Amino acid sequence: MKNIFTDRRQKLGKIFPSNSAIVISGASTQYRNADSSYAFRQDSNFWYLSGFNEAESTLVILINDSGNTESIAFVPEKDKVKEIWDGHRAGPKGAIDDYGFDAAFNNTEIDMHLPGLLSGSKQVFYPVGKNSALDKNIVKWLKAAKSKDRHSSSIDIADASSKLGNMRLIKDKHEIELMKKACLISAETHVEAMKFVKPGISEQEMEAYYLYEFAKKGGRFSAYTPIVAGGENACILHYVENSKRLNDGDLLLVDAGCEYESYASDITRTFPISGKFNKSQLAIYEIVLEANLKCIEAVTLNNNVMDVQIISEKVITQGLIDLGILNGSLEDLHSSGAHKVFYMHKIGHWLGLDVHDAGDYMEDGEFMKFKPGMVTTIEPGIYIPSSSNVEDKWKGIGVRIEDDILVTSEGNENLTSSVPSNPKEIEELMA
Ligand code: GLY
Ligand code: MN
Ligand code: MN
């Protein structure tokens, strides 16, 4: 049986050394209170390599001395009663027949099999420090492997995170399709939300509107808790309380993106609750928009993340000088990091199965150049809480504009460009 997941597992033989083993544990069920569970979300590495969506599963991939791989899965056992309560389980036979694993066992048998499976390897790779149960189990299994044969050579433990992350960093065709769909659902929803908003409704009603529209369009889950921040709440970067009323005359910052078949989208738009920006809001907005557009243009194969970061800092610093919010020369203010009072986060992050996706930002001690198949967010912002030492007219304004950018061999494709960011277009849409 061949599919994208078996292909990815085979590719590991080219990425990891021969005579090694890779162990990836799936996610466990998480509880919100007592025995009331959250909807299950598989661990992203596990999903990427298996497409198998049952909790409490583990995947072992052995790479032999010629770089060929063998995949062994440990999955929940078939159980008629549990399946009545919680749904279908593939069981070991279904895991082999339907998911293409070379072997599969009940997860209750993992301690029995793992020492033997690992004992022939020189190295065992796993995502170190991500799951404390796996950290402990790896040591336990290696000790057991060693005690089986005192004369065996030692097995080194190594972190799989960087190698797997860098594989996930370059999206394949299938992933790009899914991410385009996630971005489209989120983009359409942002456009509809701009038409829907009105003074007096609450942030939580807006949040519910986004979640409803995502689900209706096929993206049942949000890729992260939406930030729905009216007025000055936009200056709290991770504002997820979403509980206040929206006031006429304020801006609304919404950072919301759905997940589609486990792939994230991540969009922020900031728009006037009344449908019209006032002069101060527009002045700040125009700076952030210029940073957003210039940074997107710079997402090309010749540049790296730090090049784009610096563009955003310089555009924002110059804009704040022009408005009299910062005083001094661009060079001096930029080198002293004066912008950090108003723009304190990074320009973006990799996007994929995780909203802050796996993958290194540095390569051989330098920032990694953009490569075709990467997806990065571009999300400059300016935040001026009312405690700031500025003229009153700027106080309480917070703006961020965030798009999702696919790197291509020709340059890039903005996957979220269908939501307007131009203030005139936003006002027309909201009229
Ligand atoms: N929504 C999370 C972020 O923008 O990083
Ligand atoms: Mn983001
Ligand atoms: Mn975001």
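Each chain carries its own residue numbering, running from 1 in the direction its sequence is written. Chains and ligands are labelled sequentially in the order written, the chains with letters from A and the ligands with numbers from 1. It should be noted that, the model being predicted, local features are given only for residues of pLDDT at least 70 and side-chain atom pairs only at 80 or more, the latter also being counted only at that level, while totals for whole chains, interfaces and linings use all residues. Where side-chain values are given, they derive from all heavy atoms of the structure, hydrogens and water being excluded.

Caption draft 1: Representation of the overall build of the protein in the model. Within the protein, the secondary structure is distributed over 13 helices and 21 strands. For 431 residues, the compact-globule estimate of 2.2 N^0.38 gives 22 Å, and the protein sits close to it at 25 Å. Considered along the principal axes of its C-alpha atoms, the protein spans approximately 75 × 50 × 40 Å. The cut-offs for exposure are 20% and 50% of the maximum accessible area for each residue type, with area from a 1.4 Å probe on protein chains only; residues under the lower value are buried, those over the upper are exposed, and the others partly exposed. Put simply, the protein has 431 residues, and 53% of those count as buried. Here the protein has roughly 20000 Å² of accessible surface; of this, 50% comes from carbon and sulfur atoms. A helix here means a DSSP run of H or I that spans at least four residues, while a strand means a run of E at least two residues long, and both kinds are numbered starting from the N terminus. As a reference, a globule follows 2.2 Å times the number of residues to the power 0.38, and the radius of gyration itself is taken over C-alpha atoms. Here, Shrake-Rupley sampling with a 1.4 Å probe gives the accessible areas, and only protein chains in the shown set may cover a residue.

Caption draft 2: How the structure looks around the site of ligand 1. We call a residue near a molecule or strand whenever a single non-hydrogen atom of that residue lies within 4 Å of it. Every residue lining ligand 1 is accounted for by Tyr224, Asp255, Asp266, His349, His356, Glu379 and Glu402. Counted as a polar contact is a pair of N or O atoms within 3.5 Å, where, for protein atoms, one must be capable of donating a hydrogen and the other of accepting one, and residues adjacent in sequence contribute only when both atoms are in side chains. One of the side-chain nitrogen or oxygen atoms of His349 is found 3.0 Å away from an oxygen atom of ligand 1. Protein chains shield 85% of the accessible area of ligand 1, which is 200 Å² for the free molecule. A class-by-class count of the residues in the shell around ligand 1 yields one nonpolar, two polar and four charged. Three categories are distinguished: nonpolar for Ala, Val, Leu, Ile, Met, Phe, Trp, Tyr, Cys and Pro, charged for Asp, Glu, Lys and Arg, and polar for the others, with Gly belonging to the last.

Caption draft 3: Inspection of the sheet that holds strand S6 (residues 103-106) at higher detail. Spatial strand order, S6-S5-S4-S1-S7-S8: six strands in an open sheet with mixed pairing. With one partner strand each, in any of the chains shown, S6 and strand S8 (156-159) form the two edges of the open sheet. The mean inter-strand angle of the sheet, taken between neighbouring strand axes irrespective of direction, is 20 degrees. Note that strand S1 (residues 20-25) and strand S7 (residues 123-126) share three bridges and pair parallel. Bridging from a neighbouring strand, Ala21 pairs with Val124 of S7. By the convention used here, residues are in contact when the closest approach between their heavy atoms is within 4.5 Å. To get an axis, a line is fitted to the C-alpha atoms, and for a helix only the part in contact is used. The angle between two axes follows their N-to-C directions and goes from 0 to 180 degrees. The sheet contacts of helix H4 (residues 91-99) involve strand S5 (69-75) and S6, and relative to S6 the element is tilted by about 160 degrees. The strands that helix H5 (residues 110-118) touches are S1, strand S4 (58-63), S5, S6 and S7; relative to S5, the one it contacts most, it runs at about 165 degrees. Note on pairing: two strands pair once DSSP finds at least 2 bridges between them.

Caption draft 4: Just the coordination of the manganese ion (ligand 2), in detail. Sodium, potassium and calcium take a 3.2 Å donor cutoff, other metals 2.8 Å, and in both cases only N, O and S atoms count; water is not among them, so sites may look incomplete. In this structure, Asp266 (OD), His349 (NE2), Glu379 (OE) and Glu402 (OE) serve as the protein donors to the manganese ion (ligand 2), at separations of 2.0 to 2.2 Å. What the six donor atoms of the manganese ion (ligand 2) show is an angle range of 49 to 154 degrees at the metal, which sorts the shape as irregular. Mapping the donors of the manganese ion (ligand 2) onto the primary sequence gives the spacing D-x82-H-x29-E-x22-E. Any coordination sphere not matching a tetrahedral pattern (four donors, all angles between 85 and 135 degrees) or a square planar or octahedral pattern (four or six donors, opposite donors over 155 degrees apart, other angles between 65 and 115) is reported as irregular.

Caption draft 5: Region of interest: the side chain of Thr408. With respect to the helices and strands, the residue Thr408 is situated in the loop between strand S20 (403-407) and strand S21 (412-414). Given the relative accessible area of 16%, Thr408 is considered buried. There is a polar contact of 3.4 Å between the side chain of Thr408 and the backbone nitrogen of Asn412. When near neighbours in sequence (up to four residues on either side) are disregarded, Thr408 contacts Leu301, Pro372 and Glu413.

Caption draft 6: Expanded view of the environment of Arg269. Positionally, Arg269 belongs in strand S14 (residues 267-272). Between the alpha carbons of Arg269 and Asp403 there is a distance of 8.9 Å; along the sequence they are 134 residues apart. In this structure the side chain of Arg269 is engaged in a polar contact, spanning 3.1 Å, whose partner is the backbone oxygen of Glu402. At 2.8 Å, the side chain of Arg269 forms a polar contact with the backbone oxygen of Val419.

Caption draft 7: A look at the packing of helix H8 (residues 173-196) against helix H9 (residues 203-216). Two numbers describe how H8 lies on H9: the axes approach to 9 Å, and their chain directions differ by 140 degrees. It follows that H8 is oblique to H9 by the angle criterion. Every pair of crossing elements has a handedness; the one defined by H8 and H9 is right-handed. Residues Ile185, Ser186, Thr189, His190, Glu192, Ala193 and Phe196 of H8 form the contact with H9, whose participating residues are Glu205, Met206, Tyr209, Tyr210, Glu213 and Phe214. Of the residues in the contact of H8 with H9, the class split is seven nonpolar, three polar and three charged. For this classification, under 35 degrees means roughly parallel, over 145 means roughly antiparallel, 65 to 115 means roughly perpendicular, and everything else is oblique. Each crossing gets its handedness from the near helix: less than a right angle anticlockwise from the far helix is left-handed, clockwise is right-handed.

Caption draft 8: Layout of the coordination of the manganese ion (ligand 3). Bound to the manganese ion (ligand 3) on the protein side are Asp255 (OD), Asp255 (OD), Asp266 (OD) and Glu402 (OE), at distances that span 2.0 to 2.4 Å. In this structure, the manganese ion (ligand 3) is coordinated by six donor atoms arranged in irregular fashion, with angles at the metal of 57 to 171 degrees. Taken in chain order, the donor set of the manganese ion (ligand 3) reads D-x10-D-x135-E. A gap of 3.2 Å separates the manganese ion (ligand 3) and the manganese ion (ligand 2), which Asp266 links by coordinating each metal. Of the two residues, Asp266 sits in the loop between strand S13 (263-264) and S14 while Glu402 sits in the loop between strand S19 (397-400) and S20, which places them 136 residues apart along the sequence. Accessibility assignment for this pair places Asp266 and Glu402 in one class, buried.

Caption draft 9: Molecular detail of the sheet that holds strand S9 (residues 221-222). Strand order across the open sheet formed by three strands is S9-S12-S13, with antiparallel pairing between neighbours. The open sheet is flanked by S9 and S13, the only strands paired with a single partner. As defined by bridge partners, S9 adjoins strand S12 (residues 258-260) across two bridges and the pair is classed as antiparallel. Across the sheet, the residue bridging to Ser222 is Cys258, located in S12. Set on the sheet, H8 makes contact with S12 and S13; between it and S12 the angle comes to about 145 degrees.

Caption draft 10: Structural detail: the pattern of salt bridges. Salt bridge criterion: a side-chain nitrogen from Lys or Arg within 4 Å of a carboxyl oxygen from Asp or Glu. Following the criterion strictly, the structure yields 20 salt bridges and no others. For Asp255, the salt bridge is made with Arg400, and the minimal N-O distance between the two is 3.0 Å. Within this pair, whereas Asp255 is found in strand S11 (residues 251-256), its partner Arg400 is found in strand S19, the two being separated by 145 residues in sequence. The residues Asp255 and Arg400 share a single accessibility class, namely buried. Here Glu379 makes a salt bridge to Arg400, at a shortest N to O gap of 4.0 Å. With a gap of 21 residues between them, Glu379 in the loop between strand S17 (375-378) and strand S18 (381-384) and Arg400 in strand S19 connect regions that are remote in the sequence. Exposure remark for Arg400: the relative accessible area of 3% places this residue in the buried category. Residues joined by salt bridges that share partners form a network here, namely Arg168, Lys171, Asp354 and Asp357.

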